[in-house]
Amino acid sequence: MTTCLLCKELIEEKVSFLQLFLLKGERPSCCSTCYQNFERISEEHCPRCFRNGQSNLCMDCQKWEKEGNQVQHQSLFTYNEAMKNYFSQYKFQGDYALRFVFAKATKKAVKLFREHAIVPIPVSIEKFQVRGFNQVQGILDAANLSYRNILEKKDTLAQSSKTREERLQTQQAFKIKNGVDLPDRILLVDDIYTTGKTLQLAKQILLEAGVKEILTFSIAR
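None of the values given here were measured: they were computed from a predicted structure.

Draft legend 1. Layout of the environment of Glu9. The topology assignment puts Glu9 in the loop between β1 (2–3) and β2 (10–11). Residue classification places Glu9 among the exposed residues on the basis of a relative accessible area of 51%. The sequence separation of Glu9 and Cys31 amounts to 22 residues, and the corresponding C-alpha distance is 7.8 Å. Apart from residues lying up to four places away in sequence, Glu9 is in contact with Thr2, Thr3 and Cys4.

Draft legend 2. Broad picture of the pattern of salt bridges. Summed over all chains, the structure comprises 6 salt bridges. With a shortest N-O distance of 2.9 Å, Lys91 and Asp191 are connected by a salt bridge. Here the residue Lys91 occupies a position in helix α4 (residues 81–92), and Asp191 occupies one in strand β7 (residues 185–192), the gap between them amounting to 100 residues. Each of the two residues, Lys91 as well as Asp191, counts as buried.

Draft legend 3. View of the pairing of strand β8 (residues 213–220). Counting buried positions over the 8 residues of β8 gives 7, a clear majority of the element. Where strand β3 (residues 73–77) lies against β8, 4 bridges are found, and the strand directions are parallel. Within β8, the residue paired with Gln74 across the bridge is Phe217. Bridge analysis of β7 against β8 gives 7 bridges, and the strand direction is parallel. Within the sheet, the bridge partner assigned to Val189 lies in β8 and is Phe217. Taking the sense of rotation as the criterion, the β-α-β connection linking β7, helix α9 (residues 197–208) and β8 turns out right-handed.

Draft legend 4. The arrangement of the packing of aromatic side chains in detail. A complete count under the given rule lists 12 aromatic pairs for this structure. Between Tyr35 and Phe102, the ring centres sit 6.1 Å apart and the planes meet at 45°, which makes this aromatic pair tilted. Of this pair, Tyr35 sits in helix α2 (residues 32–35) while Phe102 is found in the loop between α4 and α5 (103–110), placing the two residues 67 residues apart along the sequence. Assessed through its relative accessible area of 27%, Tyr35 is described here as partly exposed. A relative accessible area of 0% means that Phe102 is categorised as buried. Positioned above the aromatic ring of Trp64 is the side chain of Lys63, whose terminal nitrogen or guanidinium carbon lies 4.6 Å from the ring centre.

Draft legend 5. Structural view of the side chain of Ser218. Relative to the assigned elements, Ser218 resides in strand β8. Within the local environment of Ser218, its side chain forms a polar contact with the backbone oxygen of Ala220, the two atoms lying 2.9 Å apart. Excluding residues that lie within four positions of it along the chain, Ser218 makes contacts with His73, Gln74, Ser75, Leu76, Asp190, Asp191, Ile192 and Tyr193.

Draft legend 6. Representation of the sheet that holds β8. With respect to topology, 4 strands assemble into an open sheet ordered β3-β8-β7-β4, the strand pairing being parallel. Only two strands of the sheet have a single neighbouring strand rather than two, namely β3 and β4 (117–120). If you compare each strand with its neighbour and ignore which way they point, the axes differ by 25° on average. Against the sheet, α4 contacts β3, β7 and β8, and its axis sits at roughly 95° relative to β7.

Quick notes on the rules
- Residues numbered from 1 in each chain as written.
- Predicted model: local features only at pLDDT ≥ 70, side-chain atom pairs only at ≥ 80, totals over all residues.
- Heavy atoms only, no water.
- Helix = DSSP H or I, 4+ residues; strand = E, 2+ residues; numbered from the N terminus.
- Buried < 20%, exposed > 50% of the residue type's maximum accessible area, 1.4 Å probe, protein only.
- Contact = heavy atoms within 4.5 Å.
- Salt bridge = Lys/Arg side-chain N within 4 Å of Asp/Glu carboxyl O.
- Pairing = 2+ DSSP bridges.
- Right-handed = clockwise from strand over helix to strand, strands pointing away.
- Phe/Tyr/Trp six-rings, centres within 6.5 Å; stacked < 30°, edge-to-face > 60°.
- Lys NZ or Arg CZ within 6 Å of the ring centre and 35° of its normal.
- Polar contact = N/O pair within 3.5 Å; in protein donor to acceptor, adjacent residues only side chain to side chain.
- Axes fitted to C-alpha atoms, helices over the stretch in contact; angles between N-to-C directions.

Here it is as structure tokens:
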């Protein structure tokens, strides 16, 4: 029996004899009751950023396009109360075991981008020292996905502590590591997409360095 990482209750596992024989049965990390609290983004979403319930181009994407920045983003879940609590426990309370909760869903989604090198959004050295891990890399590691650490981040005020207007006005916070070879195609991966500013800043510096195509992805939107 396995314990749910969120509610700590025992999970009833249904694993076939063949899975056990081949040792391929993945043990669930989260019970179905808890997992159902996370809301998948529906088929009705912004075609550019996956904002849920928005079938046409949303206001944020219209703004980005007016500034000459095209959005090509995909997300899995809405940022509802359950997701907010998850990231609070994972990121800010440092419950590193929670990296497994969305590992399977992330692996399935990201594997569709076979021609793109996965590049996680970094955290600053200061935040890494406090938290002890990069939350995006943690999920990618749990999903057994290879990635490249190309970017570095300066220490800035956390996005979660900023107003919407402050997020949109954030200046460049990233730089490319010295001596790295840049791939032609990149999939930037972040944990949460709010206004899109973080990913646009990372995308901007990579495009300026000569990367030909950059797509973006996040767990929550």
